[in-house]
Amino acid sequence: LLQDRPAGKPLFNWLAALDPHRPYHPNIIPDGSRPEEIKVPPYHPETPAERADYQLYYDEITRLDRYVGDVMKELDAQGVSDNTMVLFISDNGRPFPRDKTTLYDSGIKTPWIVKWPARVEAGSVYTKLVSTVDIAKTFLRLGGVENPGQTFEGIDFSPLLTEPEKPLRDYIYAEKNWHDFEDHVRAVRNDRYKYIRNSYPDLPQTPSADGLRSPTYVELLRLREIGELTPAQEACFTAPRSEEELYDTKLDPFELNNLVEDER
């Protein structure tokens, strides 16, 4: 696609990779990840089967990295790298139970990497909030559209590319309506706290279909049957669940301690 583009004209491409979507397959790369490299969050069990699922996930990410590298090499070969803005993002968190299709950070805090040698200092980091709703307005502004109209609700984040110390947002918002299973959830987050509202608290937090087919879910079912799941690992089976959730993401990055239920 990059090689066949019209020469000498402005470039916009959206390249969507399949990795690391499920299903996963062993030996997709020559030198895969190793069990000692795996970090399992507390809401997933520390078992060999769980680590094996994460290993395959890591291998898919490594293969994705190599694909991105091929794209970068092609831009270099065409001599357009310096003045091409590359934005690397993901549409959701990892496809595991209590990650993808949830509004916890593991479901909505996704990669966001910008490369633009002519404008962005290598290694610079922006630590505040941005949202994918900001992408369209930013790309239009960079493409010369000064006033994209009221249909775009995002904020132009292009000033952050050269001044990453600038604030952009006080809050970001997230929503879930349906993904294989019906649900209705809304969230708002600032730099520290996140509030989640569940409109269907009678329904469990069922994972997406690919999460249900995962070895991780099978392992959760096995351990649940013998009563060896922690409360955090029971999350996708719990019903009814809390109608409201509030988390201190600084002190509780895995969002396990619901402050709404704390009477203090």
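Our subject is the structure listed above.
The structure presented is a predicted model; accordingly, all values stated were derived computationally and were not measured. (Residues numbered from 1 in each chain as written. Predicted model: local features only at pLDDT ≥ 70, side-chain atom pairs only at ≥ 80, totals over all residues. Heavy atoms only, no water.)

Notes on helix α1 (residues 48-77)
Helical geometry: 3.6 residues make up each α-helical turn, so side chains three or four residues apart lie on a common side. Applied cut-off: Comment: elements are numbered from the N terminus, with helices defined as DSSP H or I runs of at least four residues and strands as E runs of at least two. Helix span, as expected, comes to 1.5 Å for every residue beyond the first. Buried means the residue's accessible area, taken with a 1.4 Å probe over protein chains only, is under 20% of the maximum for its type, while exposed means over 50%, and partly exposed covers the values in between.
Between its first and last C-alpha, α1 extends 44 Å over 30 residues, near the 44 Å set by a 1.5 Å rise per residue. Buried residues of α1: Glu-50, Asp-53, Tyr-54, Gln-55, Tyr-57, Asp-59, Glu-60, Leu-64, Val-71, Met-72, Glu-74 and Leu-75, and no others. Two residues or fewer after α1 comes Gly-79, characterised by a positive phi angle close to 70 degrees.

Regarding empty space enclosed by the protein
Under the convention used in this document: Note on definitions: the grid is 1 Å and covers protein atoms alone; a cavity is a set of points where a 1.4 Å probe fits but cannot get out; a pocket is an open set with protein on both sides within 12 Å along at least five of seven lines; lining residues have an atom within 4 Å of a point. Grid points are joined across faces, edges and corners, and a volume is the space filled by probe spheres set on the points.
All chains considered together, the criterion is met by 2 cavities of 30 Å³ or more. Considered as a void within the structure, the largest cavity measures approximately 60 Å³ in volume. Lining the largest cavity, in full, are Thr-101, Thr-102, Leu-103, Tyr-104, Lys-176, Asp-183, Val-185, Ile-196, Asn-198, Gln-205 and Arg-241. Looking at the lining of the largest cavity, the elements that each hand over two or more residues are β4 (181-189) and β5 (193-198). Its boundaries defined by the atoms lining it, the second largest cavity holds a volume of some 40 Å³. Taken together, Tyr-43, His-44, Pro-97, Arg-98, Leu-220, Ala-232, Gln-233, Ala-235 and Cys-236 make up the lining of the second largest cavity.

Let's talk about the side chain of Asp-59
The condition is simple: A residue counts as positive if it is Lys or Arg and as negative if it is Asp or Glu; His and the chain ends are not included. The rule for a salt bridge is simple: a side-chain nitrogen of Lys or Arg has to be within 4 Å of a carboxyl oxygen of Asp or Glu. Every residue pair with non-hydrogen atoms within 4.5 Å of one another is taken to be in contact.
The residue Asp-59 is located in helix α1 in this model. Summary of buried charges: Asp-59 has no salt-bridge partner, and the nearest side chain of opposite charge, Arg-34, is 8.3 Å away. With residues near it in sequence (within four places) discarded, Asp-59 still touches Ile-28, Ile-29, Gly-32 and Ser-33.

Topic: the packing of aromatic side chains
The condition is simple: Side-chain rings of Phe, Tyr and Trp (the six-membered ring for Trp) are treated as a pair once their centres are within 6.5 Å; stacked means planes under 30 degrees apart, edge-to-face means over 60, and tilted covers the remaining angles.
Tallied over the entire structure, the rule returns 10 aromatic pairs. Relative to Tyr-58, the ring of Tyr-54 has its centre 6.4 Å away and its plane inclined at 85 degrees; by these criteria the two rings are edge-to-face. In this pair, Tyr-54 and Tyr-58 are both assigned in helix α1, 4 residues apart and thus about one turn of the helix distant. For Tyr-58, a relative accessible area of 27% gives the class partly exposed.

A short note on the pattern of salt bridges
Scanning all chains against the criterion turns up 24 salt bridges. A salt bridge links Lys-128 to Asp-191; its shortest N-O distance comes to 3.7 Å. Here Lys-128, found in the loop between β2 (112-115) and α3 (135-142), pairs with Asp-191, found in the loop between β4 and β5; they are 63 residues apart in sequence, far enough to count as distant. Note on Lys-128: relative accessible area 42%, which makes it partly exposed. On the accessibility criterion, Asp-191 (33% relative accessible area) is partly exposed. The partner of Arg-169 in a salt bridge is Asp-134, with the nearest N and O atoms 2.7 Å apart.

Here's the deal with unusual backbone geometry
At the junction of Arg-22 and Pro-23, the peptide bond is cis and its omega measures out at 5 degrees in the coordinates. Residue position: Pro-23 is located in the segment before α1. In this chain, Ala-239 is followed by Pro-240 through a cis amide linkage whose omega measures -5 degrees. Mapped onto the elements of the fold, Pro-240 is located in the loop between α5 (215-225) and β6 (244-248). Non-glycine residue Asn-27 carries a positive phi angle of around 60 degrees. With a relative accessible area of 73%, Asn-27 lands in the exposed category. Positive phi is not limited to glycine here, since Thr-101 has a value of about 75 degrees.

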